[in-house]
Amino acid sequence: MEKIYSFWEVLMIPNIMNFYNNKYLSAIRHTFYVSMPFWLTVSFFDILGNLFLNPSGILFSKDGLNLGFWLTGLSGEEYLQSRFVLYLESYRKIIYAGYSMTAIIFTITLAGKLSELWKSDRYLTIFCAITSFILFSPVFSIEQKEIRDYFSELGFFSAFFITTVSARIFSWLYAIKKIRLKTPESFPKEMTHYLSAVFPVLLTVLIFSLWAFVAMNLKMNALHFLTNNTTPEFFQNIFFVLFYQFFVWALWWLGIPGYSITSAIQEFAYLPAQLGNKIGESAAIFTTGFFEAGVIHVLGLIIAIRVFSQHEEWRAVSKFSLPLMAFNIQEIFVFGLPVVLNPIFLIPYIFAPMANTLVGWIAISWGIVPIFQIDLPWTMPVFISGIAATHSIMGGMLQLVWLVMDIFIYAPFVITANSLKFEDEKKGGEKS
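Residues numbered from 1 in each chain as written. Predicted model: local features only at pLDDT ≥ 70, side-chain atom pairs only at ≥ 80, totals over all residues. Heavy atoms only, no water.

**Some details on helix α22 (residues 393-416)**
Point 1. Compared with an ideal rise of 1.5 Å per residue, which puts 24 residues at 34 Å, α22 spans 36 Å between its outermost C-alpha atoms and is within 8% of the ideal.
Point 2. For α22, the side-chain oxygen to backbone nitrogen distance between the N-cap and M394 is 3.1 Å, and the N-cap itself is S392. (Helix = DSSP H or I, 4+ residues; strand = E, 2+ residues; numbered from the N terminus. Expected span 1.5 Å × (residues − 1). Polar contact = N/O pair within 3.5 Å; in protein donor to acceptor, adjacent residues only side chain to side chain.)

**Examining the side chain of N277**
Point 1. Here N277 shows up in helix α15 (residues 263-279).
Point 2. At 3.0 Å, the side chain of N277 forms a polar contact with the side chain of S282.
Point 3. A distance of 3.2 Å separates the side chain of N277 from the backbone oxygen of F372, its partner in a polar contact.
Point 4. Leave out the neighbours within four places in its chain, and N277 touches S282, A283, A284, T287, I371, F372 and Q373. (Contact = heavy atoms within 4.5 Å.)

**As for the packing of aromatic side chains**
Point 1. All chains considered together, the criterion is met by 21 aromatic pairs.
Point 2. Their ring planes at 70° and their centres at 5.5 Å tell us that F60 and F84 sit as a pair that is edge-to-face. Taken together, the residues span a long stretch of sequence, with F60 in the loop between α2 (23-52) and α3 (67-72) and F84 in helix α5 (residues 83-99) at a distance of 24 residues.
Point 3. According to the relative accessible area criterion, F60 is buried, its value standing at 9%.
Point 4. A residue is classified by how much of its surface remains accessible, and F84, at 25% relative accessible area, is partly exposed.
Point 5. Each residue in the set F234, F235, F240, Y244, Y270, F286, F290, F291, F372 and W402 is aromatic and connected to the rest through ring pairs, giving one cluster.
Point 6. A cation over an aromatic ring shows up here: R168 above the ring of W118, its NZ or CZ 4.3 Å from the ring centre.
Point 7. Above the ring of Y174, the side-chain terminus of R180 is found at 4.2 Å from the ring centroid. (Phe/Tyr/Trp six-rings, centres within 6.5 Å; stacked < 30°, edge-to-face > 60°. Buried < 20%, exposed > 50% of the residue type's maximum accessible area, 1.4 Å probe, protein only. Lys NZ or Arg CZ within 6 Å of the ring centre and 35° of its normal.)

Below you can see the structure in the form of structure tokens.
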């Protein structure tokens, strides 16, 4: 084991300094830091809307505490059509309006930071990024939920990627003086400055409009391919699911919300499987409910740091993040430590959820744990969500087993990280 630790230290630790001092990665970290207060606010609203104000949720529905019946005296369709439910749904729509703007806020912040990095006009870079991002919105869809999700956290990948590319393209074009529009000398200086950039703006938006057209058709063809060339059994294959988890969490390590990339697979394969389990038409192991507990391993890392880490900064971040992780809010921790783009945690951050998936598959296949019958809000606390989703205490026990496994998976890497000198690296990063 000591040889493994030594090899890991020699291989990975010298590279960490380069990651921390990379200016582009610093811009991304800065973006998350700036937008974090708003994220926490909308996360609170999400918890409020899903757990406490959902008329069909665990508090008010007959599958939960059935408070809806006790407060209104109504049940079934009469309850769903009641004024009480109408008020709850109206307020939920209001608070979700802010939640649906998180990707836009991310786009504005990142574009502004990249304009400083790549020496282009701040306002024009932001406007190009927002326009490019909106060009990719699913305006061709009649589903309002799809449009709303695109501008919420599910659109982070689009915001992250499109903002970076549009800012880079605009900065290149902005630096080419030959394509600047020449204006009369009598024009005000500020007007000349912005009007001269009309062609860089035009070309940037034109490029993204064509790209959006191609992407739209590729998406439609991809869904058509999945519909005609796959079966539900394919997505229940353990080898596919392990690869699926590898892909999702590799993206998360890169700072890209993995499930937003694979939302098409969720909607095409795992949501129908979840609905089939709920109405008793199927007994699928892998469903949206099964994957809702995917961030348990991040809680395992927090506990491993509290137990094994000697770094006070890490311990402070983990202590601050622990109450948030009770509701599966991992962004503060993964970007505050950070876990994202940190070579030390690359292997366990990907391997731990894969190990959880394998153990869950075995436990459900052997009949030890019932199938996940209900797709609960992602903010539902660990153990409670397992019991509620499976209608069995064994569902909660499975999540506790996952958590213990994850603590031990992360422990060697946390112990190895004790040899890092974070104060020196932090000073070096600030100087750069």
